[in-house]
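Analysis of the macromolecular model
Below are the chains, spelled out letter by letter.
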Amino acid sequence: MSESNSAAVLEKVSIRPGVSILSVLRHLNYKPWFALAEFVDNAIQSFVENREALQKLHGSDWKLKVTVEVDTSSPGRIVIRDNASGILPGAFPRAFRPAVVPPDRSGLSEFGMGMKSAACWFSPRWQVRTKALGDSVERTVKFDIDRIVEDEIEELDIQESPANKNDHYTEISLDDLHHVPVGRSLGKIKEHLADIYRCFIREGVLELRFGTEVLTYEEPPVLSAPYFKDATGPAQLWRKEINFELGDGLAVRGFAALRDPGNYSRSGFALFRKKRLIEGSGEEGYRPTMIFGTSGSSSYARLRLFGELHLEGFEVSHTKDGFRWDDNEEPFLELLKEHLDSDELALLRQCENYRSLASKKDRTQAATKALDRTGDVIADTMPQILPGVAEQPPVETTSDPLPSQPTLAKRELSFDFRGEPWLVRIELSDDPGEGDWLSISDPENSEGGADIIDIRLSMAHPFMVTFAQTEAGDIEPLLRVAAALAIGEKLARRAGVKSAGTVRRNMNEILREALSKP
């Protein structure tokens, strides 16, 4: 073992210098999954450093287990447990002092701040209970940040109790949380953690649990298809190894591939360092514009291209949620793009030119499931709400300005239609009092010679609350349908259709009263 595991009595542990920094750590720009990852990193590093001793004790099939438990009831509590080798007595002077760099920085613990910064970000009161392999004492250290800062405390008491020499574990308890993960955040944390530690999960050395759920990483399906220029040719797997160097000890290893079916929210690269994902987890894939185009572009790379790249020699931020590129990102991207589209397997060219539907089996399953759910809702609700909708008089499209409402996003865009300039103004409303899913205004008077249409989609409408709140991939198709309906209504009005707004009025009522139900 790298540090002493003697059973010496440790009455106190120093937390100086830098005590004052503990109070500002809660303001770090962490995301909850990267904060939790700091604790998992420490467990993995403890396992790696003491793997031989642990497997000698338990056998070669022994596995590192880390469990994250979240109590969302106020004031919130998080507990992280692992069965790694514990914090050895010789490591105590370093483990609890801020910004003390470990003697060996080759592993996942390299800045001397991970546990402290993540714990203080989550909680003003936290404790560490640990039992080191080979030691006969369990030790507990408690942090009360407000009291430490106010009283300028520079040493903390260590509570000790006798324990079995062969036991080994660490339990970190975070209380009175500053940031309580709830709702969809819990699902996102699980997704991101599984992504971040996919390499260790694949290798079978880590069992990572969130509550009682064992987190797993699902491998994306890779496209098998002919080259787009030879549609009748043999199918090939669109996956290639990536391997290049930039000089000065910088290297990139990994793979790139095309998804089948495509998925806008899950495209992009995952960037790793020391087998641990640094950038590109969940729906936040690394999508540089040099390769993927802008977010509003029609690049099919945003639909299919993905991969895993292990970067060697690159520095990372102290929160380990991004790379410190310095001047290396552009050369990295230029070489990556060159390798992606080299002639032996031109991923980018295939990506931009190949078109296909998902498999009939997958489309049948999805269509059947969606139809069953929607059909049940229609059968249950329409008999009650349709009479009221049908009895309402026809309505015209309003030319009055839409009333002001709080918005989440807005955009103006211009184009020419049949030689005439059009100005389309779209906004996503955040007003819970708005009863309509889609509102439009078709002003009679032009602005600067342009034909105008104002389109408003209510993000607070029950239909959006049920089906599309925070994921861009959910919102975008509904927004496109709404825009098509609005522009279609304007064109119908220009063509002389009477009461062109009636269809939209009826649709708004049906969505609110019936089809917003899950």
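The sections below set out a description of the structure shown in this document. Predicted model only: the values in this text are computed from it and were never measured.

Calculation rules
Residues numbered from 1 in each chain as written. Predicted model: local features only at pLDDT ≥ 70, side-chain atom pairs only at ≥ 80, totals over all residues. Heavy atoms only, no water. 1 Å grid on protein atoms, 1.4 Å probe; cavity = no way out; pocket = protein on both sides within 12 Å on 5 of 7 lines; lining within 4 Å. Points joined across faces, edges and corners; volume = space filled by probe spheres on them. Helix = DSSP H or I, 4+ residues; strand = E, 2+ residues; numbered from the N terminus. Nonpolar A, V, L, I, M, F, W, Y, C, P; charged D, E, K, R; others polar. Buried < 20%, exposed > 50% of the residue type's maximum accessible area, 1.4 Å probe, protein only. Contact = heavy atoms within 4.5 Å. Salt bridge = Lys/Arg side-chain N within 4 Å of Asp/Glu carboxyl O.

**Points about empty space enclosed by the protein**
Empty space left among the atoms is revealed by rolling a probe the size of a water molecule over them. Per the counting criterion, the structure on display carries two cavities of 30 Å³ or more. Put simply, the largest cavity is a space of about 120 Å³. As for the largest cavity, its lining consists of 15 residues, of which Arg198, Tyr217, Arg266, Gly268 and Gly280 are closest to the centre. In terms of residues, the lining of the largest cavity owes the most to one element, strand β14 (residues 268–273), which gives three residues. Each residue belonging to the lining of the largest cavity can be placed in one class, and the counts come to five nonpolar, six polar and four charged.

**Notes on the environment of glutamine 392**
Here glutamine 392 lies in the loop between α12 (360–390) and β19 (407–417). You can call glutamine 392 partly exposed: its relative accessible area is 28%. Between the alpha carbons of glutamine 392 and leucine 88 there is a distance of 76 Å; along the sequence they are 304 residues apart. Those residues in contact with glutamine 392, other than ones at most four positions away along the chain, are Arg505 and Glu509.

**A word on the pattern of salt bridges**
For the coordinates displayed, the defined rule picks out 36 salt bridges. Ionic pairing is found between arginine 81 and glutamate 69, a salt bridge with its closest N-O pair at 2.9 Å. Here glutamate 69 lies in strand β2 (residues 64–71) and arginine 81 lies in strand β3 (residues 77–82), a separation of twelve residues in the sequence. Arginine 81 sits in the partly exposed class, given a relative accessible area of 32%. The salt bridge involving arginine 139 is made with aspartate 135; its shortest N-O contact spans 2.4 Å. Assigned by exposure class, arginine 139 and aspartate 135 land together as buried. Salt bridges here are not isolated pairs; linked through shared partners, they connect Glu191, Asp195, Arg198, Arg202, Glu219, Arg266 and Glu308.

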